[in-house]
Amino acid sequence: SITGETVELLEPYLDMEDYNLETAKKVCGNVAGLCSWTQAMAYFYSINKEVLPLKANLALQEGRLAAAQMELNSAQIQLDEKQMELDEVQAMYDAAMKERQALLDGAETCRRKMNNATALIEGLGGEKLRWTASSKNFQNQIIDLVGNVLLATGFLSYSGPFNQEYRNLLLQLWKKEMDNKKIPYSNNLNLTSMLVDNATVGEWNLQGLPNDDLSIQNGIIVTKASRYPLLIDPQGQGKIWIKNKERNNGLQVNSSFTIFFMCVS
């Protein structure tokens, strides 16, 4: 309730030198406090005159703050809602990306399988031709089997004593007779390949048998013929081969006899 007019009326008194608490106590101690009180009220008014606008501004700013806080709370609620929606959409996006990656991986796997299947089909296409040719070749071999066996049997039974030239001549004579009798046989027949495989020939070579055609044919006759062969072996190659070949079979060598190898060459 203190006004500026009241303070102005008090100022002449407040400016007096003896207007203080000590002097007041000397004059009238019972009411000396009123002196300090009037000074305090005047000082309060001067301070309060500056504080009131600040308080009013504070109230205004507090109102604005409250409104802003309400807006902030509302915005925060909206933000939380949008964040929840974003989280849901992010989860859907992650699931979709995971499914997309799984589909891409599946497509890549399928593509590899298709490529492998295509390569297999193409390979089988080539194999079909080979199998067809092989089947036809097998049919021809079945048809020619009787004549081929007949030639192989004649070779084992009768060509042993002769050299390479005469053995070939015998084969030509037999083929001519078989043509007259209409007995089928393979025109490109190789008796060596028919009667022995390459692994066996390689093993014979390691045992000391020479690698020429005549020696290999002689080895076939020795191992395939049903009768005991007479070996004529002036160079000793047959002796070495026989001893190496039968070393693990308990071969016994009688020094009073000479082992002969093969047929007359």
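Residues numbered from 1 in each chain as written. Predicted model: local features only at pLDDT ≥ 70, side-chain atom pairs only at ≥ 80, totals over all residues. Heavy atoms only, no water.

A. Up close: the domain arrangement of the protein. Each domain of the protein was delimited in the assignment, giving domain 1 (1–143) and domain 2 (196–264). The gap between the C-alpha centroids of domain 1 and domain 2 is 101 Å. (Domains from an automatic or database assignment.)

B. Spotlight on the nonpolar core. Core analysis: the biggest nonpolar cluster contains 20 residues, and Phe155, Leu156, Leu191, Leu195, Trp204, Ile220 and Trp241 have the highest contact counts within it. Sorting the residues of this core by element identifies helix H3 (32–158), helix H4 (164–180), helix H5 (191–195), helix H6 (198–206), helix H7 (213–224) and helix H8 (237–245) as the ones contributing at least two each. Setting aside chain neighbours within four positions, we find leucine 195 in contact with Ala152, Phe155, Leu156, Ile220 and Lys224. (Core = buried A, V, L, I, M, F, W, Y, C linked by side-chain atoms within 4.5 Å. Buried < 20%, exposed > 50% of the residue type's maximum accessible area, 1.4 Å probe, protein only. Helix = DSSP H or I, 4+ residues; strand = E, 2+ residues; numbered from the N terminus. Contact = heavy atoms within 4.5 Å.)

C. The arrangement of the UniProt feature "domain: Dynein heavy chain coiled coil stalk" (unreviewed entry) in the protein in detail. Mapped onto the present numbering, the UniProt feature "domain: Dynein heavy chain coiled coil stalk" (unreviewed entry) falls on residues 6–174. Within the segment residues 6–174, helix and strand shares are 91% and 0% respectively, and the terminal C-alpha atoms sit 161 Å apart. (UniProt positions renumbered as here; feature names shortened; annotations may be inferred.)

D. Representation of the confidence of the model for the protein. Scored by pLDDT, the protein has a mean of 85; 96% of the residues are at 70 or more. Contacts for the low-pLDDT stretch residues 257–265, under 50 throughout, to residues beyond four places or in other chains number 31 contacts. (pLDDT = per-residue confidence, 0-100.)

E. Representation of the pattern of salt bridges within the structure. Here the structure, examined in full by the defined rule, presents three salt bridges. The partner of lysine 82 in a salt bridge is glutamate 85, with the nearest N and O atoms 3.8 Å apart. Of the two residues, lysine 82 and glutamate 85 both sit in helix H3, three residues apart, roughly one turn of that helix. Residue glutamate 85 is classed as partly exposed on the basis of its relative accessible area of 41%. The partner of glutamate 108 in a salt bridge is arginine 111, and the shortest N-O contact between them spans 2.6 Å. (Salt bridge = Lys/Arg side-chain N within 4 Å of Asp/Glu carboxyl O.)

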